[in-house]
Amino acid sequence: MIDSANKTTTQTGTTLTAREKRDLQKAQLRPLANLRPELYDEEDYSQDELESMMEMYNGTMASIEEGEIVKSRVLDIRDNMVVLDIGFKSEGTIPLEEFKDLPDLKAGDEVEVLLEHLEDQEGSVVLSKKKADFMRVWERIRVAYENDEPVRGTLVKKIKGGVVVDLMGVDAFLPGSQIALRRVPNVDELLGQTFDFKIIKLNKRRRNIVVSRRVILEQERAGKREKLMKELQKDQVRKGVVKNITDFGAFIDLGGVDGLLHITDMSYGRIQHPSEMVHIGQELEVKVLDIDWDRERISLGLKQLQSYPWKDVAEKYPVGTRVSGKVVSITNYGAFIELEPGIEGLVHISEMSWTRNVRHPSKLVSIGETIEAVVLKVDPNEEKISLGMKQTEQDPWMMLPEKYPVGTRLNGKVRNLTSFGAFVEIEPGIDGLIHISDMSWTKRVQHPSEVVKKGDSVDVVILNVDAENKRISLGLKQATEDPWLRIGETYPVGTELRGKVVRLMDKGVVVDIGNDIEGFVPVSQLNFGQPVNSPADIVYETMNLDLRVLEVDPIHRRIVLAVTAIPEDQPPRPETPSKVIPMESDDYNMSDPIPTPPDSYVEEPA
């Protein structure tokens, strides 16, 4: 107000008279009279005294308003209460528990408190330190939010959808998606840790604060990525920290940008899982193998910082060297042996045993087993080493010619049958072949099963030993006397006998005359001298015939017969006509060639 003479002009431009001015002053001092009636009676004061009291009022009471933070002085600490003076007509009290952050509080200390009410029902001032602290913190939070500044907070406890964060004593909510750049597998591990956060939502009325750590991390990553894009180059060696591990590799934090260290680039040696080489949080040096900023992919290598193990491998493992290694992998065709980290050799299935017919490598070796082998071949360019297990022992085939000279008689077990003969085991791992031509002196054997069966024990004779090609020829018939040496005595010319038709040839008929002996009836001797177009016109297989011996030839192992009669008692004629086999000569033993084994025969299932 501006006072001039007896008139006063208010701030709104209204002019007051002296009387009006006095009434206004009394009205303003009346609250003070209500508080201290013993000090005031409006009829006892002059105009000058009223002016003095107004100055006192404006200097004290006018500066104290409800809802404001004021300074107070500790008067006393009583039990659980703290008595405070804020310069008003009465003291205020606050529970001692609100001063937990001030354990050394004592009388005379100044503290800031919130003036909630000038007086309650009992006329006392209502104060609160806790609310004053909250208002101070809230103000700092509000300023940080408006200025987009980070705030420091501690993760307190896990709740549904996220985590509670303590921001200077105020609870804030951190959504799970805002904790880090990627999903955090175990949030409990972060509890108690302190980070910087950005306030992304603020509601004072509801006291709702939502914060984000991811925003800060993204800003940091963007800055570091921009810096790395300028610095990072292919073939660089940089330090990084293992951030995550998967089945196919590990992600390495290079300082704002992640790179992939693939499992194949971790070691020259064989590893089953990346965790064998690295662990989360580990710091290591890696080499940058490739950079693709468009796809944000960086390929890293660890083994590329190690010496190349295949360098000078030919000098280290010359052919013929005896080595020891661990079986690390087994396939259908062999086993891989680790000689040293990054150096593996293959033992082919054919190089595992001199004598055993190995069906699968797992029959002889197992993963993790340590074996000895001999280097057979080294190819550094292809990173291949051929190894042999059987070469660590003497080849038993080299001793067989001396151990089993031709003519040796022995007993063996029929182990397998093929179309051309039978394999007989003469000692563990050593088999010999009885060709079908060596199974019978007299009988035309069409298949080995006609003479022997798998599992039979038979007496055989060594016919030949080929140590180089690992083949032994055995004879079954040679273990018995050759009946053809005395065939002339058994079947002299003119002998009458009965035989059974076994095969029809275009130039005659083969008949079984007993004792596994076969004879041959030429076409001219089938119909008692009458012309015959085909043997099938006269006879059929299994038909019985009365015969006479015309010729016995032990050298060529043949008996020539003639039909003397056809018995009436005959087996039924087959519905399918007998097949007539062509032959190039009258020698029936040459008419049906005996199959021979291939140069490198392979056993067939029985």
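Values in this document were obtained by computation on a predicted structure and should not be read as measured data.

About the cut-offs
- Residues numbered from 1 in each chain as written.
- Predicted model: local features only at pLDDT ≥ 70, side-chain atom pairs only at ≥ 80, totals over all residues.
- Heavy atoms only, no water.
- pLDDT = per-residue confidence, 0-100.
- Contact = heavy atoms within 4.5 Å.
- Helix = DSSP H or I, 4+ residues; strand = E, 2+ residues; numbered from the N terminus.
- Expected span 1.5 Å × (residues − 1).
- Buried < 20%, exposed > 50% of the residue type's maximum accessible area, 1.4 Å probe, protein only.
- Arc of directions from axis to C-beta.
- Pairing = 2+ DSSP bridges.
- Axes fitted to C-alpha atoms, helices over the stretch in contact; angles between N-to-C directions.

**Focus: the confidence of the model for the protein**
Summarising the model, the protein shows a mean pLDDT of 80, and 83% of its residues fall at 70 or more. Of the regions scoring below 50 in pLDDT, residues 585-594 engages in 29 contacts with residues more than four places distant in sequence or in other chains.

**A closer look at helix α4 (residues 214-231)**
Counted at 1.5 Å a residue, the expected span for α4 with its 18 residues is 26 Å, and the 25 Å between its end C-alpha atoms agrees. For α4, every residue scored as buried is listed here: Ile-216, Leu-217 and Leu-228. Relative to the axis of α4, the buried residues are bounded by an arc of 95° and lie together on one face. Exposed side chains of α4 directed beyond 90 degrees from the buried face belong to Glu-226 and Lys-230. At its buried positions, α4 is contacted by β12 (194-203), β13 (208-212) and β14 (237-245).

**Comments concerning the sheet that holds strand β15 (residues 249-253)**
What the five strands build is a closed barrel, ordered β14-β15-β16-β18-β17; its pairing is mixed. Along the sheet, successive strands turn relative to each other by an average axial angle of 55°, direction set aside. Pairing analysis gives five bridges linking β14 to strand β17 (residues 283-292), with the strands arranged antiparallel. Of the residues in β17, the one forming a bridge with Val-241 is Glu-283.

**Quick look at the pairing of strand β18 (residues 297-301)**
In the sheet, strand β16 (residues 258-262) pairs with β18 via two bridges, with the strands oriented parallel. By the bridge assignment for β18, Leu-261 is matched with Leu-300. The pairing of β17 with β18 spans five bridges and is classified as antiparallel. Considered in β18, the bridge of Asp-292 is made with Arg-297. Linkage of β17 to β18, two consecutive antiparallel strands, is achieved through a turn of four residues, within which Glu-296 is found at a positive phi near 55°.

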